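Descriptive analysis of the structure
Chain residues, written in single-letter form:
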Amino acid sequence: MIEFDEVTKEYRRGSVAVEAFSLEIPSHRTVALLGSSGSGKTTLLRMVNRMVEPTSGRVLIDGEDVRARDAVELRRSIGYVLQAGGLLPHRTVIDNVATVLRLGGMTRKPARLRAAELMDRVGLESSLARRYPAELSGGQQQRVGVARALAPDPNILLMDEPFGAVDPIVRRDLQDELLRLQAELGKTIVFVTHDVDEAFRLGDEVVVLRGHGVVAQRGTPAEILAAPADDFVADFIGANRAERSLSTVDIGGRSIAVDGNGRPVGVMQK
Ligand SMILES: Nc1ncnc2c1ncn2[C@@H]1O[C@H](COP(=O)(O)OP(=O)(O)OP(=O)(O)O)[C@@H](O)[C@H]1O
């Protein structure tokens, strides 16, 4: 479990990025932090692996204050996936993944073998192993980023807008892949996004943030859709309300679900 206990971050005096944020994230679940730009999502995420230290308050992992852990060791034990992939440009794909394992003390050959397994696991063909990151598509780069984050077999995976830079179809593929991986692996995932659909698709729970890391609502996607806590949440999730609201029409004796623009999206089961 990850626990934020009244954390505040003031980067400069008077500029509060996150104010008295508290949240418990249960193990083996995916929690999506959903908020617009500047709402403090990245700051919160980075407090988990001590890339950002809170000005006050505590972050606990399984009951232990992260400050009691060595920062480098802590960072290596937690998977971290960034939007830009964060890959090493002068290393091949396989070495980008294997390097993490080498840092953890594995020798070259087993590290490469394990890296090849990880590539397979995230849906990358082995023929890509010798390429450099610049020779991959954006979606492939993100898969390498996920493989690398999974390399040390971390319990926790932090994902910061990991699929933000790819087109909608690839983005959906990557989301599917993550759902499949998560069903197999059961990590504790904190997923940062400003995309409502992505948060609802991936999050077992979604935390909607206003500015300064203030929680506007927390719940399952269904709970939030069914009863937005206030106008802020309703506006935020309703940005494309027309697409999100469904109704049914009867055509030839069958009930067809249509979206708010009247486009058919499926057939209702009897
Ligand atoms: N290193 C820093 N120094 C000073 N201010 C910072 C720093 N990092 C972030 N901030 C400020 O803290 C606030 C929250 O930033 P943060 O990056 O956590 O938000 P975010 O929700 O992740 O935004 P985005 O979606 O744009 O990445 C912003 O006002 C930002 O300008």
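Residues numbered from 1 in each chain as written. Predicted model: local features only at pLDDT ≥ 70, side-chain atom pairs only at ≥ 80, totals over all residues.

As annotated in an unreviewed UniProt entry, the protein carries the name ATP-binding cassette domain-containing protein and is attributed to Tessaracoccus lacteus.

1. Some remarks on the overall build of the protein
For clarity, the cut-off: Helix and strand assignments follow DSSP, with helices taken as H or I runs no shorter than four residues and strands as E runs no shorter than two, numbered in order from the N terminus. Based on C-alpha atoms, the radius of gyration is set beside the globule rule, defined as 2.2 Å times the residue count to the power 0.38. C-beta atoms are first placed from the backbone for all residues, and any pair lying within 7 Å is then listed as a contact.
Along the protein, the regular secondary structure elements total ten helices and 13 strands. In terms of C-alpha radius of gyration, the protein reaches 20 Å, essentially the compact-globule figure of 18 Å for 270 residues. With the C-alpha coordinates aligned to their principal axes, the bounding extent of the protein is approximately 65 × 50 × 30 Å. Intrachain contacts of the protein at a sequence separation of at least 6 include 61% that bridge at least 24 residues.

2. Quick look at the pairing of strand 2 (residues 15–25)
Note on strand geometry: in a regular strand, side chains alternate between the two faces of the sheet. Keep this limit in mind: Strands were regarded as paired on the criterion that DSSP finds at least two bridges between them.
Here strand 1 (residues 2–12) runs beside strand 2; their pairing, made up of seven bridges, is antiparallel. Along strand 2, the bridge assignment pairs Glu10 with Val16.

3. Quick notes on the packing of helix 5 (residues 138–150) against helix 6 (residues 168–185)
Counted only if it meets this: Axis lines are fitted through C-alpha atoms, for helices just across the contact stretch, and the angle between N-to-C directions can take any value from 0 to 180 degrees. Under this scheme an angle from 65 to 115 degrees is roughly perpendicular, one under 35 degrees roughly parallel, and one over 145 degrees roughly antiparallel; angles in between are oblique. Crossing handedness is defined as follows: a turn of the near helix away from the far one that is anticlockwise and smaller than a right angle gives a left-handed crossing, while the clockwise case is right-handed.
Interhelical geometry of helix 5 versus helix 6 gives an angle of 25 degrees and a closest axis separation of 10 Å. The angle between helix 5 and helix 6 falls in the class roughly parallel. You can see that helix 5 and helix 6 cross each other, and the crossing is right-handed. Only Val170, Asp173 and Leu174 of helix 6 make contact with helix 5, whose side of the interface consists of Gly138, Gly139 and Gln142.

4. Considerations on the sheet that holds strand 13 (residues 264–267)
Taken together, three strands build an open sheet; the order of strands is 11-12-13 and the sheet is antiparallel. Looking at which strands have only one partner, the edges of the open sheet turn out to be strand 11 (246–251) and strand 13. Sheet twist, expressed as the average angle between the axes of neighbouring strands with direction ignored, equals 35 degrees.

5. Let's talk about the site of the ligand
To be explicit about the condition: All residues are tested the same way: a C-beta atom is placed from the backbone, and lying within 6 Å of a molecule or strand makes the residue near it. Residues are grouped as follows: Ala, Val, Leu, Ile, Met, Phe, Trp, Tyr, Cys and Pro are nonpolar; Asp, Glu, Lys and Arg are charged; every other residue, Gly included, is polar.
Around the ligand, the neighbouring residues are Tyr11, Ser15, Ala17, Gly35, Ser37, Gly38, Ser39, Gly40, Lys41, Thr42, Thr43 and His194. Of all elements in the fold, only strand 2 and helix 1 (41–48) reach the threshold of two or more residues within the shell around the ligand. For the shell around the ligand, the class distribution of residues is two nonpolar, nine polar and one charged.

6. So, the sheet that holds strand 9 (residues 205–209)
Within the open sheet, the six strands sit side by side as 6-7-8-3-9-10. Their pairing is mixed. Two strands lie at the open edges of the sheet, namely strand 6 (78–82) and strand 10 (215–219), each paired on one side alone. Going across the sheet, the axis of each strand differs from the next one's by a mean of 15 degrees, ignoring polarity. Across four bridges, the pairing between strand 9 and strand 10 is antiparallel. The partner of Val207 across the bridge, within strand 10, is Arg218. Across the sheet, helix 5 touches strand 6 and strand 7 (156–160), and the angle it forms with strand 6 is around 165 degrees.

7. A short note on the pairing of strand 4 (residues 56–61)
Of the strand pairs in this sheet, strand 1 and strand 4 are connected by five bridges, and their pairing is antiparallel. Along strand 4, the bridge assignment pairs Phe4 with Val59. Bridge count for strand 4 against strand 5 (residues 64–65) is two bridges, and the pairing is antiparallel. Residue pairing in the sheet places Ile61 in a bridge with Glu64 of strand 5.

8. Remarks on the domain arrangement of the protein
For the record, the criterion: Domains are outlined according to an automatic or database domain assignment.
Looking at the protein, the domain boundaries give domain 1 (2–239) and domain 2 (245–270). Computed over C-alpha atoms, the centres of domain 1 and domain 2 are 36 Å apart.

9. A look at the nonpolar core
Within soluble globular proteins, side chains that are nonpolar generally end up buried alongside one another. We apply this condition: Definition of nonpolar core: a set of buried Ala, Val, Leu, Ile, Met, Phe, Trp, Tyr and Cys residues joined via C-beta atoms within 7 Å. We call a residue exposed when 12 or fewer other C-beta atoms sit within 10 Å of its C-beta, buried when the count reaches 20 or more, and partly exposed for counts in between; the C-beta positions come from the backbone.
Judged by nonpolar contacts, the single largest core of 61 residues is most densely connected at Val97, Ala147 and Val190. Setting aside anything within four residues of it in sequence, one finds Val190 in contact with Ile2, Ile25, Val31, Leu33, Leu45, Val48, Leu158 and Met159.

10. Concerning unusual backbone geometry
If you check the backbone angles, Ala20 has positive phi at about 45 degrees while not being a glycine. One can find Ala20 in strand 2. Positive phi, close to 45 degrees, is recorded for Glu161, a residue that is not glycine. Locating Glu161 in the fold gives a position in the loop between strand 7 and helix 6. Classification of Glu161 as partly exposed rests on a count of 19 C-beta atoms within 10 Å.

11. Some points on helix 5
The cut-off we apply is this: Any helix carries an expected span of 1.5 Å times its number of residues minus one.
Its 13 residues place the ends of helix 5 19 Å apart at the C-alpha level, agreeing with the 18 Å of an ideal helix rising 1.5 Å per residue. Burial analysis of helix 5 places eleven of its 13 residues in the buried class, the great majority of the element. What helix 5 keeps buried is the set Gln140, Gln141, Gln142, Arg143, Val144, Gly145, Val146, Ala147, Arg148, Ala149 and Leu150.

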